Amino acid sequence: MKFNKITLIDDCGLTQPVMEKLGLVAGNNIVMYNDVAENDKEIINRIGDSDCVLVSWKTKVNAAVIRNSPNLKYIGMCCSLYNEDAANVDIREARKQGVVVKGVR
């Protein structure tokens, strides 16, 4: 899968080798944040025109965020929990918007 822009919307704890591999699928167009956004507006601004985002368990990506991120095609959850009812990503809304959500380690 290729992406135009990947944004890590918080500290996902990725290693340098993993970041290098991500660069290959995004033409090195990667934006990284190392803190947790304070609100939905800040999360939406961080996502911007990204078509792929990676998020840790610390940040909630709710329906409003997903609906207000029109270029978003993929959300990678960098955590050990992938369960629709307990996830910090609104997986059901993502699915409605055609956004793929996967748990990644």
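Our subject is the structure listed above.
The structure presented is a predicted model; accordingly, all values stated were derived computationally and were not measured. (Residues numbered from 1 in each chain as written. Predicted model: local features only at pLDDT ≥ 70, side-chain atom pairs only at ≥ 80, totals over all residues. Heavy atoms only, no water.)

Enquirer: Would you explain the nonpolar core in this entry?
Expert: Soluble globular proteins tend to bury their nonpolar side chains together. Ile9, Ile47, Val61, Ile75, Met77, Val89 and Val101 are the most contacted members of the largest nonpolar core, which totals 19 residues. At the level of elements, helix H2 (40–47), strand E3 (52–55), helix H3 (63–67), strand E4 (74–78) and helix H4 (91–96) are the ones that each hand at least two residues to this core. Residues Ala26, Leu54, Tyr74 and Cys78 belong to the second largest nonpolar core, which totals 11 residues. (Core = buried A, V, L, I, M, F, W, Y, C linked by side-chain atoms within 4.5 Å. Buried < 20%, exposed > 50% of the residue type's maximum accessible area, 1.4 Å probe, protein only. Helix = DSSP H or I, 4+ residues; strand = E, 2+ residues; numbered from the N terminus.)

Enquirer: What is the right way to read the side chain of Ser50 from this model?
Expert: One can find Ser50 in the loop between H2 and E3. Polar contacts involving the side chain of Ser50 include one to the side chain of Thr7, which spans 2.5 Å. For Ser50, the side chain forms a polar contact with the main-chain oxygen of Ile47, separated by 2.9 Å. Among residues more than four places away in sequence, those in contact with Ser50 are Lys5, Ile6, Thr7, Asn71 and Leu72. (Polar contact = N/O pair within 3.5 Å; in protein donor to acceptor, adjacent residues only side chain to side chain. Contact = heavy atoms within 4.5 Å.)

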